[in-house]
Amino acid sequence: MNSYDVAIIGSGPGGYVAAIRCAQLGLKTAIIEKYTTLGGTCLNVGCIPSKALLDSSHHYEDAIKHFEEHGIDIPGEIKVNLKQMIARKQSVVDTTTGGIDFLMKKNNIDVYQGLGSFKDATHIIIKGDKDTEIEAKNIIIATGSKPSNLPFITLDKERVITSTEALKLKEIPKHMIVIGGGVIGLELGQVYKRLGAEVTVIEYMDRIIPTMDAGLSKELNKVLKKQKFKINTSHKVKSVERIGDEVIVKADNKKGEEIEFKGDYCLVSVGRRPYTDGLNAEAAGVKLNERGQIDVNEHLQTSAKNIYAIGDVIKGAMLAHKAEEEGVFVAETIAGQKPHINYNLIPGVVYTWPEVASVGQTEEQLTEAGVEYKVGQFPMRALGRSRASMDLDGFVKILADKTTDEILGFHMVGARAADLIAEAVVAMEFRASAEDISRMSHAHPTFAEAIKEAALAATENRALHV
Ligand code: FAD
Ligand code: NAD
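Because the structure is a prediction, the values reported are computed rather than measured.

Quick notes on the rules
Residues numbered from 1 in each chain as written. Chains lettered and ligands numbered in written order. Predicted model: local features only at pLDDT ≥ 70, side-chain atom pairs only at ≥ 80, totals over all residues. Heavy atoms only, no water. Near = heavy atom within 4 Å. Polar contact = N/O pair within 3.5 Å; in protein donor to acceptor, adjacent residues only side chain to side chain. Helix = DSSP H or I, 4+ residues; strand = E, 2+ residues; numbered from the N terminus. Nonpolar A, V, L, I, M, F, W, Y, C, P; charged D, E, K, R; others polar. Buried < 20%, exposed > 50% of the residue type's maximum accessible area, 1.4 Å probe, protein only. Contact = heavy atoms within 4.5 Å. Disulfide = S-S within 2.5 Å. Salt bridge = Lys/Arg side-chain N within 4 Å of Asp/Glu carboxyl O. Expected span 1.5 Å × (residues − 1). UniProt positions renumbered as here; feature names shortened; annotations may be inferred. Phe/Tyr/Trp six-rings, centres within 6.5 Å; stacked < 30°, edge-to-face > 60°. Lys NZ or Arg CZ within 6 Å of the ring centre and 35° of its normal. Core = buried A, V, L, I, M, F, W, Y, C linked by side-chain atoms within 4.5 Å.

Participant: Got a sec to walk through the site of ligand 1? Specific residues and values, please.
Facilitator: The environment of ligand 1 is made up of 39 residues, and the closest members are E33, T41, K51, G116 and A320. K51 is positioned with one of its side-chain polar atoms (N or O) 2.7 Å from an oxygen atom of ligand 1. For the shell around ligand 1, the secondary-structure elements that each account for two or more residues are helix 1 (13–24), strand 2 (29–33), helix 2 (40–45), helix 3 (47–65), strand 4 (115–120) and helix 9 (320–334). Looking at the shell around ligand 1 residue by residue, the classes come out as 17 nonpolar, 17 polar and five charged.

Structural data, given as structure tokens:
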């Protein structure tokens, strides 16, 4: 039987990054993955394929809507070749997952393919073509998550679908009904909206992206409506029925009236659930909490002291970079180091266009905590860079402590917000004040100038370009 210092179950961004860090620290490491490709949800059916389709559909939208104004004439009709778009997405996925195979080999990490199931706290049976047993002093559970569903919905995976199927449709829906106005619903909804589908979003809460700052929800809602999304907030879905090629969704609105939506596809994007099926966690003495997540302490240690858990299968944001940080954290903990994660500064991004990005505290959280704060806000449309590229929507909002000027929250809707959020994370890690940012040179013309301007607005209400 092969013996390891560390065995990791699950090869998503949590698991494979933990494996690399363990190997870097000189630990003999194995990783177990039930699918034939490494990379987990993120690389196979999550972050990477969704961004590939967002990029392709963005090019198409630019071509049909903006090329003419830019002075680019294309003779003949511009058409979507969905088969090729999906094939390109798949080749991006294949190259990326292949890269993880390379990294495992480079770092001498043993890869086992099959379902990892605990025999006890130090032994795992890998159920593949034939069962293999391995032994490990330390084990990291990184089994991730799967799409959630509502109890009354039957996911036929043809017309009533999750994000996994939405990444490989064979036709462009005529009318896609999206249940859940969160990240997946809006990102994938926008892909098909750009390709020509009518898109109706049904959201239970009173605003889309309800966990982000309310100002971001409002701005994104406004922009998506301009893009002809139909958005229904405060609607409680109560049935989804497929009849032939039609999908009928019924929901109660705020007044309790029943509203019927008819489409040809229904994307169910109401969150994800932690995945522990087949893991046999009880055999190792690993406890789950009432939400089905693996229970961990502040060292990400489970109820069995040599077993740790990271990523989507534990509490906290279900984000690839959060899982990665936790992978490194646990590897370093096992190696005897004393690492730290600042959970307050894990950024959140929605890759619609304009993008939405956020880090730190929202206005709602600061108000609830009774913190006195000031707001500096700057509209993207006031930038020369925005006019040059015709990306006028959105704003940067900086929330700073009223007394100390320390930046407590950063919220943005706008072009390239996903990349610009890094400036806010760096500033906030170093506990910068709004004035610190306002006194730093930002290249002109860039979208980043909006950050400096918002910082000026927060410091002394003296933005220069509004
Ligand atoms: P996962 O990536 O889910 O990996 C877990 C792995 O464990 C899987 O490969 C699974 O097969 C394997 N496994 C499970 N049980 C066993 C077992 N018993 N034995 C062996 N293997 C097992 N996050 C972002 O930060 N940015 C984004 O842009 C983004 N976009 C997304 C888009 C979509 C459509 C979706 C669905 C998700 C997106 N996410 C995004 C979320 C991101 O994918 C997850 O947060 C991330 O993958 C979690 O990583 P993980 O390592 O915890 O788990
Ligand atoms: P989500 O939590 O972002 O959104 C789910 C939405 O569904 C919420 O707005 C919620 O209020 C709504 N909802 C819940 N029950 C409902 C009901 N009965 N009727 C109508 N609406 C209902 O979840 P998601 O969009 O499914 O994404 C799952 C996870 O994947 C998220 O945690 C997210 O962090 C991650 N993800 C991240 C990215 C990214 O970082 N860009 C992209 C995709 C997914």
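Participant: Lay out the environment of S11 with the relevant residues and their values.
Facilitator: Looking at where S11 falls in the secondary structure, it is placed in the loop between strand 1 (2–9) and helix 1. For S11, a relative accessible area of 1% puts it in the buried group. Sequence spacing of S11 and A23 is 12 residues, and the spatial spacing of their C-alpha atoms is 14 Å. Those residues in contact with S11 that sit more than four places away from it in its chain are Y16, I31, I32, E33, T37, L38, G39 and G40. A distance of 2.8 Å separates polar atoms of two side chains, one belonging to S11 and the other to E33.

Participant: Could you give an account of unusual backbone geometry, naming the residues involved and the relevant values?
Facilitator: Here W353 and P354 are connected by a cis peptide whose omega angle stands at 0 degrees. By secondary structure assignment, the location of P354 is in the loop between strand 18 (348–350) and strand 19 (355–360). Looking along the chain, the bond that leaves H444 and enters P445 is cis, with omega of -5 degrees. Positive phi, close to 75 degrees, is recorded for K228, a residue that is not glycine. One can find K228 in the loop between helix 8 (214–226) and strand 11 (230–232). You can call K228 exposed: its relative accessible area is 62%. Look at M390: it is not a glycine, yet its phi comes out positive at around 65 degrees. Mapped onto the fold, M390 is located in the loop between helix 11 (384–389) and strand 21 (395–401).

Participant: Give a detailed account of the state of the cysteines, specifying residues and quantitative values.
Facilitator: Counting across every chain of the model gives one disulfide. The disulfide partner of C42 is C47, and the S-S distance across this bridge is 2.4 Å. Where C42 bonds to C47 through sulfur, the torsion about that S-S bond is close to -130 degrees, and the disulfide is left-handed. The structure places no disulfide on C22, whose sulfur is separated from the nearest cysteine sulfur, that of C42, by 19 Å. A residue is classified by how much of its surface remains accessible, and C22, at 0% relative accessible area, is buried.

Participant: Tell me about the pattern of salt bridges, and name the residues and values.
Facilitator: The final tally for this structure, using the stated rule, is 24 salt bridges. Of the charged contacts in the structure, one is a salt bridge between E198 and K230, with a shortest N-O distance of 2.9 Å. With E198 in strand 10 (residues 198–202) and K230 in strand 11, this pair connects stretches of sequence that are 32 residues apart. Residue classification places E198 among the partly exposed residues on the basis of a relative accessible area of 32%. With a relative accessible area of 43%, K230 lands in the partly exposed category.

Participant: Lay out helix 9 with the relevant residues and their values.
Facilitator: Look at helix 9: 21 Å from first C-alpha to last across 15 residues, which is about the 21 Å you get at 1.5 Å a residue. Counting buried residues along helix 9, 11 of its 15 residues qualify, which places the element largely inside the surrounding structure. For helix 9, every residue scored as buried is listed here: A320, K322, A323, E326, G327, F329, V330, A331, E332, T333 and I334.

Participant: Account for the UniProt feature "domain: Pyridine nucleotide-disulphide oxidoreductase dimerisation" (unreviewed entry) in the chain, with residues named and values stated.
Facilitator: As annotated by UniProt and renumbered to match this structure, "domain: Pyridine nucleotide-disulphide oxidoreductase dimerisation" (unreviewed entry) occupies residues 346–455. Here residues 346–455 is 35% helix and 28% strand, with 20 Å between the C-alpha atoms at its ends.

Participant: Please set out the packing of aromatic side chains residue by residue, giving values where relevant.
Facilitator: Per the stated rule, a full pass over the model turns up one aromatic pair. For the ring pair Y4 and Y112, a centre distance of 6.1 Å and an interplane angle of 85 degrees mean the geometry is edge-to-face. In this pair, Y4 is assigned in strand 1 and Y112 in strand 3 (residues 110–113), connecting sequence segments 108 residues apart. Each member of the pair Y4 and Y112 is classed as buried. The lysine or arginine in question, K28, covers the ring of Y4, its NZ or CZ lying 4.9 Å from the ring centre.

Participant: If you had to explain the nonpolar core to someone new, which residues and values would you point to?
Facilitator: Where a protein is soluble and globular, its nonpolar side chains tend to be buried together. With 53 residues, the main nonpolar core has M104, F118, I124, I134, I140 and I141 as its most contacted residues. It is helix 1 that contributes the most residues to this core, seven residues altogether. Those residues in contact with I124 that sit more than four places away from it in its chain are A7, I9, I32, G116, S117, F118, K119, T132, E133, I134 and I139. The next biggest cluster of nonpolar side chains, apart from the first, holds 34 residues, and it includes L82, V178, L186 and L220.

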